[in-house]
Each structure stands twice: as C-alpha cells, then as structure tokens.
Amino acid sequence: MILANKYRPKSFDEIVGQDHVGDILLNSIKRNKVHHAYIFCGPSGVGKTTTARIFAYSLSSFLNSQDGEDQCDEVARKILEDDSPDYIEIDAASNRGIDEIRHLKEDIRYKPIENKYKFVVIDEAHGLTGTAAEALLKMIEEPPGHVIFILCTTEVGKLKQTLFSRCISLRFHLATPTIIQGRLKQICDSENIEIESDAALGIARGCNGNVRLAIQYLETLAQASSGDDVISPKEVESVLNIFDRSKISALFELIYERKMGESILYINDMITSGFDAHDILEMLVEYLRNLLICRTCKNVNSIIILSDKEKEIIKKDLSRFSFNFLLENMTYLREVNGNLVNNFSPQTAFDNYILKSILYLEHNHEQKKDK
Ligand SMILES: Nc1ncnc2c1ncn2[C@@H]1O[C@H](COP(=O)(O)OP(=O)(O)OP(=O)(O)O)[C@@H](O)[C@H]1O
Ligand SMILES: [Mg+2]
C-alpha cells in the first residue's frame, strides 16, 4: 500500500492543520446538530476527503453506540475503508454527468442499511456538468431525512452560488511547512526511515502545503535511497529537484568573501544544472527577507520557519552584513527580476547582481568581521 493511503488519518486527532474544521464537526456530532449538507473547500491534498470519511464514521459510530447496538463501531468503521453500503463516494471529475446524479437520486431513496445515515460524498464537485449540478441542487434542497451530503472541491468559485445557502461550508487551509515536517517525522518514525530534519523541512517547503504530495515525495526518496542512508537535503534536491536552500547561504558566503569570479561561476553552475532563474531569484529574496525579519522583528518564529541550522547561519550573516547592505541588496534583486522580464539572459542578470553586491561591500568599507 502506498504511504499516503497507509497513513490516511482515521480520527480527527490525526488530521493535521485543520483543527478548526475538526472542532466544528465534532461539536455538531456531540450536540446532535448535524446539517444535511456540507461543502468542504480548499487546496488539494490537505484532508478534505479524509475528513468526510472520518466525519461519516464518527457520526455513525456515535449514533450506533447510543442505540447500544453490538459491534456498532466495526460497522461504522467500514466507512473509513470506503467499504460501507451507506457511504457513497463519487468522483465528479470522471463521473460528471446527469446520469450519475439520476442514479444517485434513485439510490438515496432507500434507507441506510447498517447505520443511521447514508452519506454521499461528491469529490471534485465543481466538475459536475451544468445539468448534473442543477439536479444535485434540487436533491440537496429536498433531501430524504436519512442522507448527508458532503461536496468536496478545490475550486469553490466554480460551484453554483445557490448551493452555499443550503450547505454549511468549511474551508480547509494549506498545511504549513512545520505541520508537514511534523507529519513526515511521525511517518518516518513508524517506517524506520532515517531523515535529517532539514531534509524533511525541504520536502515540506517544496510541496506547497499539500500533505499528500509531501508523503509521496518522502516515499520516492525512501525508494531511491539504499535504506541504510540518512536522507539529506542534498538527496531532496537531486531526487525531487527541490531547491536546497543552503545553496543560497553558501552564495552569500562567497559574496561576503568578495569572491567575484567564484560567485558568478556558482550561480552559472546552478543555472546550467537546470535550476530555473526565477526559482533562484525567489530563494534569494526569501533569504534576504529572513535576514531582514530576524534583524528587525522580535516574534520571528511566528513569521518565518527556520531550522536550527538555518538560524545559526542567519545569525552569522546578521553579524556580517549591515542593515543598509540588506536593504540595498533587495533593490538589486528587484533589478534582476526586471532584467529577467526584459529577456536578459539569466547569467547576465545574476552577474550584475553579484557585481553590485560585492562593489557595495567594497565601496562602503564593510569590514570582514570574523576573518
Ligand atoms: N490534514 C492532513 N493530515 C494528515 N494527513 C493528510 C492530511 N491531508 C492529507 N493527508 C494525507 O494525504 C492523503 C490524501 O488526503 P485527502 O484525499 O483527504 O486530500 P484532499 O484534500 O481530499 O485532496 P484532493 O483535493 O486532491 O482530493 C491522505 O491519505 C493522507 O495520507
Ligand atoms: Mg479529495
């Protein structure tokens, strides 16, 4: 079984980064105030379908147990495996037409077999055709009392506006790198995968808040490594093509040393080895922003996410570069952006940046402090 499925959460507690949703749903179960239709919207891979299953399972298990039925939990638990006659999951990306909805309309007329409610989860609900969406709306307007609808979507703007007044809509968030790093660590511990914390953070930053993608990345890396090796940021970069941010601090080291030729070569090498100029620029801006924030703000940890190693490097760079240098450097990066937009070759755009950075240090007599 692939890791993302093996580690699909089975309770609200296990879903990371969406406590606000879990709390609302759990409370509605405890207070016996569930609604008959929900919209779960938000980015891909953050737990919408998983939450739909857990909600259906938790509600069913709770209601079954109130009736004191034997094996109430086992019956409800089948929902988690998408193996219950009372749980219907439709992928509207591939089954998007009116026939599917007509079929569903037939189906929901019948009472649930094993649980108190029948659940209809429509994944990628924005994918339904116009007539299918219209028919679904009618069904949600006049649902049989034993049905709960959950519409999941990554593109909430494409859903019919009229749906919103009939459903409770819950917004899922992108998972932060720290949250994803934590989840990866749990999985690595259970799977005996050894990974450096900076490598896990690298994956977490490279997956744009998508937990499923992060787990897939981890699996790819685990398969690519020999098994005895500890997964390092270098492997994250070479296997997944996710930028190793330590490259940027290494460039700042060269700039600090006023090594003009080596600095130019260093960026050239990055470009020729396939890194996109815009990605390099983005990482440089991020690094400078981190330095500026660490210099000026107190509550750094709530603004930016840095590993311990990165904090050490930032501390060193803060003692090396003046505030004015950092500000000025930001304007040089703006010029790099302009030059890239104006179709300068990436090499030329970055040569200019290096030149200006080092000349600034020379002209302003910024001392090398730890030499
Ligand atoms: N918040 C989360 N906490 C823990 N694991 C998660 C979370 N979100 C996603 N995952 C992992 O990713 C897998 C896929 O999650 P899920 O299918 O629920 O995402 P989704 O939001 O429905 O994505 P999509 O929009 O692409 O359908 C899960 O099996 C689980 O391993
Ligand atoms: Mg889904």
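Given the structure is predicted, the values throughout are model-derived calculations rather than measurements. (Residues numbered from 1 in each chain as written. Chains lettered and ligands numbered in written order. Predicted model: local features only at pLDDT ≥ 70, side-chain atom pairs only at ≥ 80, totals over all residues. Heavy atoms only, no water.)

A.B. asks: Help me get a handle on the overall build of the protein chain, residues and values and all.
C.D. replies: Looking only at helices and strands, the protein chain features 18 helices and 5 strands. In terms of C-alpha radius of gyration, the protein chain reaches 26 Å, well past the compact-globule figure of 21 Å for 371 residues. Seen through its principal axes, the protein chain has C-alpha atoms that stretch 80 × 45 × 40 Å. Classification of the 371 residues of the protein chain by burial places 47% in the buried group. In the protein chain, of all internal contacts separated by at least 6 residues, the share reaching a separation of at least 24 is 76%. Each charge class in the protein chain was averaged separately, 44 positive and 55 negative side chains, and the resulting centres sit 5 Å apart. (Helix = DSSP H or I, 4+ residues; strand = E, 2+ residues; numbered from the N terminus. Rg over C-alpha atoms; globule rule 2.2 N^0.38 Å. Buried < 20%, exposed > 50% of the residue type's maximum accessible area, 1.4 Å probe, protein only. Contact = heavy atoms within 4.5 Å. Lys, Arg positive; Asp, Glu negative; His and termini not counted. Charge placed at Lys NZ, Arg CZ, Asp CG, Glu CD.)

A.B. asks: So what about the sheet that holds strand S2 (residues 87-91)? Which residues, and what values?
C.D. replies: The strand order across the open sheet built from 5 strands is S2-S3-S4-S1-S5, with neighbouring strands paired in parallel fashion. Both edges of this open sheet fall to S2 and strand S5 (168-171), since each of them pairs with a single strand only. Between one strand and the next, the sheet's axes are offset by a mean angle of 15 degrees, whatever the strand orientation. Bridge count between S2 and strand S3 (residues 118-123): 5 bridges; the pairing is parallel. (Pairing = 2+ DSSP bridges. Axes fitted to C-alpha atoms, helices over the stretch in contact; angles between N-to-C directions.)

A.B. asks: Go over the nonpolar core with me, naming the residues and quoting the values.
C.D. replies: In this structure, Phe252, Leu284, Phe350 and Tyr353 are the most contacted members of the largest nonpolar core, which totals 39 residues. Elements with a contribution of two residues or more to this core: helix H12 (246-256), helix H13 (260-272), helix H14 (277-296), helix H16 (308-320), helix H17 (323-341) and helix H18 (346-363). Top contributing element to this core by residue count: H14, with 10 residues. Residues contacting Leu284, with those up to four places away along its chain left out, are Ile248, Leu251, Phe252, Leu333, Phe350 and Tyr353. Within the second largest apolar cluster, 27 residues are counted, among which are Phe12, Tyr87, Phe119 and Ile148. (Core = buried A, V, L, I, M, F, W, Y, C linked by side-chain atoms within 4.5 Å.)

A.B. asks: Describe the site of ligand 1, and please don't skip the residues or the numbers.
C.D. replies: In the region of ligand 1, 21 residues are neighbours, and Ala4, Ser44, Gly45, Lys48 and Thr50 sit closest. Val46 places a polar main-chain atom, nitrogen or oxygen, 3.0 Å from a nitrogen atom of ligand 1. Against a free-state accessible area of 630 Å², the protein chains account for coverage of 95% of ligand 1. Taken together, the elements giving at least two residues each to the shell around ligand 1 come down to helix H3 (48-66) and helix H10 (211-224). Grouping the constituent residues of the shell around ligand 1 by class yields 9 nonpolar, 6 polar and 6 charged. Viewed by domain, the shell around ligand 1 spans two of them, domain 1 (3-171) and domain 2 (177-240), each represented by three or more residues. (Near = heavy atom within 4 Å. Polar contact = N/O pair within 3.5 Å; in protein donor to acceptor, adjacent residues only side chain to side chain. Areas by Shrake-Rupley, 256 points an atom, 1.4 Å probe, with all protein chains shown as cover. Nonpolar A, V, L, I, M, F, W, Y, C, P; charged D, E, K, R; others polar. Domains from an automatic or database assignment.)

A.B. asks: Provide a residue-level description of the packing of helix H8 (residues 177-191) against helix H9 (residues 197-206), including the pertinent values.
C.D. replies: Where H8 contacts H9, the two axes come as close as 8 Å, and the packing angle between them is 125 degrees. Here H8 lies oblique to H9, going by the angle between them. In the packing of H8 onto H9, the handedness of the crossing is right-handed. Across the interface between the two elements, Pro177, Ile180, Gln181 and Leu184 from H8 touch Ser197, Ala200, Leu201, Ile203, Ala204 and Arg205 from H9. Classifying every residue of the contact of H8 with H9 gives 7 nonpolar, 2 polar and 1 charged. (Parallel < 35°, antiparallel > 145°, perpendicular 65-115°, else oblique. Left-handed = near helix turned anticlockwise from the far one by under 90°.)

A.B. asks: Tell me about a negative patch on the surface, and please be specific about residues and values.
C.D. replies: On the surface, Asp13, Glu14, Asp19 and Asp23 cluster together to form a negatively charged patch. For Asp13, the location among the structural elements is in the loop between helix H1 (3-6) and helix H2 (19-30). (Patch = residues over 30% accessible without salt bridge, like charges linked within 9 Å, V, L, I, M, F, W, Y side chains within 5 Å. Salt bridge = Lys/Arg side-chain N within 4 Å of Asp/Glu carboxyl O.)

A.B. asks: Could you give an account of the domain arrangement of the protein chain, naming the residues involved and the relevant values?
C.D. replies: Domain annotation of the protein chain identifies domain 1 (3-171), domain 2 (177-240) and domain 3 (246-363). Placing the centre of domain 1 and that of domain 2 at their C-alpha centroids yields a distance of 31 Å. Facing 11 residues of domain 1, the contacting portion of domain 2 comprises 11 residues. Carbon and sulfur atoms make up 60% of the area that domain 1 and domain 2 hide from each other, which totals about 1,100 Å². For the domain 1 face of the interface with domain 2, the top three residues by lost area are Leu3, Tyr7 and Val16, together amounting to 54%. Where domain 1 packs against domain 2, one counts 1 salt bridge. Among the ionic pairs, Lys6 bridges to Glu191, the shortest N-O distance being 2.5 Å. Taken together, domain 1 and domain 2 are joined by 7 residue pairs in polar contact (both at pLDDT 80 or more). (Buried area = accessible area lost by both parts, 1.4 Å probe.)

A.B. asks: I'd love a proper account of the pattern of salt bridges, names of residues and values included.
C.D. replies: Tallying each qualifying case throughout the model produces 21 salt bridges. Beyond isolated ion pairs, a larger network of salt bridges with shared partners links Glu253, Lys316, Asp317 and Arg320.

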